[in-house]
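# A closer look at the structure
The lines below spell out each chain.
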Amino acid sequence: MRGSSVTKVVYGGKPGNAAVWRDALLDLKPDLDFVPSPDGCDPSATDILLYEPAGTIRDLRPYAGVAAIQSLWAGVETLLENDTLPPEPALLRMVEPGMTAGMSEYVIGHVYRAHLGTKRQARDQRNRVWGDAAPPLAGDRTVGVIGLGALGRDATIKLTEAGFRVGGWSRSEKSIAGVTCLHDADGFDRLLAESEIVVLLVPHTPETENLMNAAAFAAMPRGAHLINAARGALVDEDALLSALDSGQLASATLDVMREEPLPPDHRFWHHESVTITPHIASATRPATAAATIITQIERFERGEPFLYRVERDRGY
Ligand code: NAP
Ligand code: GLV
């Protein structure tokens, strides 16, 4: 709205997706001034920058005067690590119903795989072993979700609806019906000790780097399962491989790794207890995320505070 009554939004996401975003946003707000590429635009005349690491913007200094940088991703660690990031703009993480629904579907699907023992059964089939022990019922299985934010909260609710016993851990105290909500270091130890399936949905911050290390794996029940749908840096990969090799962990399902794409010679590719998915647990869907961005724009136009603001010192 700099000098005009129309909010100017510059799209700095993946170039090939600009038209989809333009259509989704203009559908909801036809008077929006949507600039489909940062090339040739005047950053000082921009109100809101849509940003993702997969876009073309590397130097953020020219955008010091924008009101907000709206991340198109939920995770903002790459943005925060960019040393050209100016201090002034509000940073907004992506929270949108399509992303949340997709993540819960991924979590439920892979929790069921671990719960039913599909990996072990596939191994038995290859070896012509008739392993006829039936899995327990969901009500006899405890799932622990690490991170109870936009994604973790929804996943815990849906896991509870599916009949699992569910625990969750977050930085601040939470209350979710039917979920044992824990926080602080003692809560973390308890969650690990009681969960046969642990799902990671916390951001990568200096505090959560290597959260899942040798001590954490040793604290889990023998034969437990890990599902990492958050960020690779939460996991000490060598400690994970040792825990899998020793049988302390029965399986790991990894959507995210320290290096992506996973290098061809990495042990995860051919480890019989590891399932790899290529960072597709969920994604921002323009069709549903456009409403979140329009809400932010309308709040900006009314002079109201933005939603989902990143606390830079906290790292998420
Ligand atoms: P969010 O709403 O910011 O929630 C983060 C949760 O983690 C909050 O409950 C927070 O606690 C907790 N947390 C943060 N630091 C913590 C710490 N040091 N100790 C304990 N709890 C801590 O984030 P979100 O939208 O749910 O997304 C979570 C992460 O998922 C993203 O950051 C991203 O890395 C990842 N992700 C992955 C994919 C994929 O496709 N693989 C897709 C989307 C997102 P409080 O509630 O107390 O603040
Ligand atoms: C995807 O990983 C995201 O953070 O949105």
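### Regarding the overall build of the protein
The helix and strand tally for the protein stands at nine helices and twelve strands. Its C-alpha radius of gyration of 21 Å places the protein within 12% of the 20 Å reference for a compact globule of 316 residues. Summarising its shape, the C-alpha atoms of the protein cover approximately 70 × 45 × 35 Å along the three principal directions. Counting only residues that meet the buried cut, the protein has 51% of its 316 residues in that class. Taking the intrachain contacts of the protein between residues at least 6 apart in sequence as the baseline, contacts between residues at least 24 apart amount to 63%.

### A closer look at the pairing of strand β7 (residues 165-170)
For β7, the tally of buried residues reaches five of six residues, placing the bulk of the element in the interior. Summarising the sheet, strand β6 (residues 142-146) and β7 pair through five bridges and their orientation is parallel. Considered in β7, the bridge of Val-143 is made with Val-166. For the segment spanning β6, helix α5 (residues 150-161) and β7, crossover handedness is right-handed. Pairing of β7 with strand β8 (residues 179-183), which is carried by five bridges, proceeds in the parallel orientation. What sits directly across from Val-166, in β8, is Val-179.

### A short note on the domain arrangement of the protein
Each assigned domain of the protein is listed here: domain 1 (8-96 + 284-301) and domain 2 (98-276). Just the C-alpha atoms count here: the centres of domain 1 and domain 2 sit 32 Å apart. At the junction of the two partners, domain 1 supplies ten residues and domain 2 supplies seven residues. Across the domain 1/domain 2 interface, buried area totals approximately 730 Å², and carbon plus sulfur atoms make up 51% of it. If you sort the residues of domain 1 by the area they bury against domain 2, Glu-77, Glu-96 and Arg-285 come out on top, with a joint share of 53%. Between the two partners, domain 1 and domain 2, sit one salt bridge. Between Arg-231 and Glu-77 there is a salt bridge, with the nearest N and O atoms lying 2.6 Å from each other. Here domain 1 is connected to domain 2 by five residue pairs in polar contact (both at pLDDT 80 or more).

### Some remarks on the site of ligand 1
Lining the immediate environment of ligand 1, one finds 29 residues, of which Leu-148, Ser-172, Lys-174, Asp-255 and Tyr-316 sit closest. Separating a nitrogen atom of ligand 1 from a backbone N or O atom of Arg-171 is a distance of 2.9 Å. Note that a nitrogen atom of ligand 1 is positioned 2.9 Å from one of the backbone N or O atoms of Ala-229. Coverage of ligand 1 by the protein amounts to 94% of the 940 Å² it exposes when considered alone. Elements that contribute at least two residues to the shell around ligand 1 include exactly α3 (97-116), α5 and β7. Here the residues of the shell around ligand 1 are counted per class, giving 15 nonpolar, eight polar and six charged.

### A word on the site of ligand 2
Near ligand 2 you find Trp-73, Ala-74, Gly-75, Met-99, Arg-231 and His-279, and these make up its full shell. In the model, an oxygen atom of ligand 2 is placed 2.8 Å from a nitrogen or oxygen of the Gly-75 main chain. Within the complex, 87% of the 200 Å² of free accessible area of ligand 2 lies under protein. Residues of the shell around ligand 2, tallied by class, amount to three nonpolar, two polar and one charged.

Procedures and definitions
Residues numbered from 1 in each chain as written. Chains lettered and ligands numbered in written order. Predicted model: local features only at pLDDT ≥ 70, side-chain atom pairs only at ≥ 80, totals over all residues. Heavy atoms only, no water. Helix = DSSP H or I, 4+ residues; strand = E, 2+ residues; numbered from the N terminus. Rg over C-alpha atoms; globule rule 2.2 N^0.38 Å. Buried < 20%, exposed > 50% of the residue type's maximum accessible area, 1.4 Å probe, protein only. Contact = heavy atoms within 4.5 Å. Pairing = 2+ DSSP bridges. Right-handed = clockwise from strand over helix to strand, strands pointing away. Domains from an automatic or database assignment. Buried area = accessible area lost by both parts, 1.4 Å probe. Salt bridge = Lys/Arg side-chain N within 4 Å of Asp/Glu carboxyl O. Polar contact = N/O pair within 3.5 Å; in protein donor to acceptor, adjacent residues only side chain to side chain. Near = heavy atom within 4 Å. Areas by Shrake-Rupley, 256 points an atom, 1.4 Å probe, with all protein chains shown as cover. Nonpolar A, V, L, I, M, F, W, Y, C, P; charged D, E, K, R; others polar.

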